[in-house]
Amino acid sequence: MKFNKFAAFFAAAMIMSFAAFSQDEEESTVEGEYMSSMEDVVVQELSNSDELENKLMALQFLEEAANDGKVSPDMMASLDHLAGEGTNTQSRTKGRVSNNFPEVRREACRILGKVGTPEAAKSLNKIVKADNEPMVLSAAIKSLGDIGYNDNDETSNTIAFYSDRFETLNPTSSLALEIVNAYEKLAPNTKDKKPMLSSLQRISADYRLAKPVRNRAKEILNNLRSSDDSKKKDER
């Protein structure tokens, strides 16, 4: 679906006018719901557009909503869609993917970290399993660490699985650092730390990675081992 620049400008004007309207202290509940639904519609239209500029505009509105803590279910659906733009959702022209926008996926992953809900974490876990762009994965893994949601060790195991794959195919120091930092944040909510510890061990010994990254992995690995040892002593 094409969504030209004039339409995008009109959509932006609609959202800004609705936002100003919402500041009226006498606004009724019905009017507030109407405003929200119109915002959702406009954001969805921008998100589903074929044009990169419109998708980036949708991300601006979504970030504002995340900053204000006002991300609706429909907006979450738009974020999930944008985070998988070109991977989970593909458009093809003459057999080639025409909507491969890594910068859109990266920004959507970053905003999902601001949303900070279990639903956002589930969307990010899907991205880590499906994407192969280092900048997208870095944003997704950082956001997963910031959220800290790790029900049944799903997040830590997803990152550990990806870490093993990335070390074999495309070792990148910046991405390795995000993995290491995410482990540190997720550790308190991780029941079985074995996959995490094994991943940290491999990163700390991988001389293809920058020394500061290896040292950071060693530091967190030693801290987690010391913590586990202390916990075992206390349980005796």
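(A) Summary view of unusual backbone geometry. Its identity as a non-glycine residue notwithstanding, asparagine 152 has a phi of 55°, on the positive side. Tracing the chain through its elements places asparagine 152 in the loop between α7 (134-147) and α8 (154-169). Note on asparagine 152: relative accessible area 58%, which makes it exposed. One non-glycine residue, aspartate 153, lies in positive phi territory at about 60°. With respect to the element layout, aspartate 153 can be found in the loop between α7 and α8. The exposure class assigned to aspartate 153 is buried, which follows from its relative accessible area of 6%.

(B) Seen up close, the environment of valine 104. Mapped onto the elements of the fold, valine 104 is located in helix α5 (residues 102-115). Of the residues examined, valine 104 reaches a relative accessible area of 0% and is grouped as buried. In contact with valine 104, not counting residues within four places along its chain, are Leu52, Lys55, Leu56, Leu59, Leu82 and Glu85.

(C) Examining the side chain of threonine 190 more closely. Along the polypeptide, threonine 190 turns up in the loop between α9 (173-186) and α10 (194-204). Since its relative accessible area comes to 5%, threonine 190 is described here as buried. One polar contact links threonine 190 to asparagine 150, side chain to side chain, over a distance of 2.9 Å. Not counting residues within four places of it along the chain, the set of residues in contact with threonine 190 comprises Asn150, Asp153, Ser156 and Met196.

(D) Representation of the nonpolar core within the structure. Counting 55 residues, the largest nonpolar core has Leu79, Ile179 and Leu200 as the members making the most contacts within it. Non-local contacts of leucine 79, meaning those with residues more than four positions away in its chain, are made with Leu59, Leu62, Ala108, Ile111, Leu112 and Val115.

(E) Representation of the pattern of salt bridges within the structure. Under the definition given, this model contains 14 salt bridges. Among the salt bridges present, the one from glutamate 107 reaches arginine 106, with a minimum N-O distance of 3.4 Å. When its relative accessible area of 30% is taken as the criterion, arginine 106 is described as partly exposed. If you follow the salt bridges from partner to partner, you end up with Glu63, Arg106, Glu107, Arg110 and Lys114 in one network.

(F) Structural context of the packing of helix α6 (residues 118-130) against α8. Relative orientation of the contacting elements α6 and α8 amounts to 15°, with a least axis distance of 10 Å. In terms of orientation, α6 and α8 fall into the roughly parallel class. In terms of crossing hand, the pair formed by α6 and α8 is left-handed. Between α6, through Lys122, Asn125, Val128 and Lys129, and α8, the contact on the second element is made entirely by Glu154, Thr155, Thr158, Tyr162 and Arg165.

(G) Spatial organisation of the environment of alanine 187. Structurally, alanine 187 can be placed in the loop between α9 and α10. On a C-alpha basis, the gap between alanine 187 and glycine 148 in space is 8.9 Å, while along the polypeptide they are 39 residues apart. If we ignore the near neighbours within four places in the chain, the residues touching alanine 187 are Lys193, Met196 and Leu224.

(H) Layout of α5. Between its first and last C-alpha atoms α5 spans 20 Å; for 14 residues at 1.5 Å apiece the expected length is 20 Å, and the two agree. Of all the residues in α5, the buried ones are Pro102, Val104, Arg105, Ala108, Cys109, Ile111, Leu112, Gly113 and Val115. Lining the buried residues of α5 we find α3 (52-67), α4 (73-83), α6 and α7. Count one or two residues on from α5 and you reach glycine 116, which has phi positive near 70°.

(I) Region of the structure containing the environment of tyrosine 183. Take tyrosine 183: it is sitting in helix α9. Along the sequence, tyrosine 183 and glycine 145 sit 38 residues apart, while their C-alpha atoms lie 7.1 Å from each other. If we skip the residues at most four places from it in the chain, tyrosine 183 touches Ser156, Ile159, Ala160, Ser163, Met196, Ser199 and Leu200. One polar contact links the side chain of tyrosine 183 to the main-chain amide nitrogen of alanine 160, over a distance of 3.4 Å. One polar contact links tyrosine 183 to serine 199, side chain to side chain, over a distance of 2.8 Å.

Rules used throughout
- Within each chain, residue numbers correspond to sequence positions counted from 1 in written order.
- Reporting in this predicted model follows two pLDDT cut-offs: at least 70 for local features of residues, and 80 or more for side-chain atom pairs to be given and counted; totals over whole chains, interfaces and linings ignore these cut-offs and use all residues.
- Each side-chain value is worked out from all heavy atoms of the structure, with water and hydrogens disregarded.
- To qualify as a helix, a DSSP run of H or I must reach at least 4 residues; to qualify as a strand, a run of E must reach at least 2; elements of each kind are numbered from the N terminus.
- Only protein chains enter the accessibility calculation, which uses a 1.4 Å probe; a residue is then buried when its area is under 20% of its type maximum, exposed when over 50%, and partly exposed in between.
- We call two residues in contact when some of their heavy atoms are within 4.5 Å.
- Whenever two N or O atoms come within 3.5 Å, that pair is a polar contact, provided that in protein one can donate a hydrogen and the other can accept it, and provided that, for residues adjacent in sequence, both atoms are side-chain atoms.
- Buried Ala, Val, Leu, Ile, Met, Phe, Trp, Tyr and Cys residues form a nonpolar core when they are joined through side-chain atoms within 4.5 Å.
- We define a salt bridge as a side-chain nitrogen of Lys or Arg found within 4 Å of a carboxyl oxygen belonging to Asp or Glu.
- Every angle, taken between N-to-C directions, lies between 0 and 180 degrees, and every axis is a line fitted to C-alpha atoms, over only the stretch in contact when it is a helix.
- These descriptions rest on fixed angle ranges, namely under 35 degrees for roughly parallel, over 145 for roughly antiparallel, 65 to 115 for roughly perpendicular, and the rest for oblique.
- In a left-handed crossing the near helix is turned counterclockwise from the far helix by less than a right angle, and in a right-handed crossing that turn is clockwise.
- What a helix is expected to span follows from its residue count: subtract one and scale by 1.5 Å.

So yeah, pure geometry; function would need other evidence.
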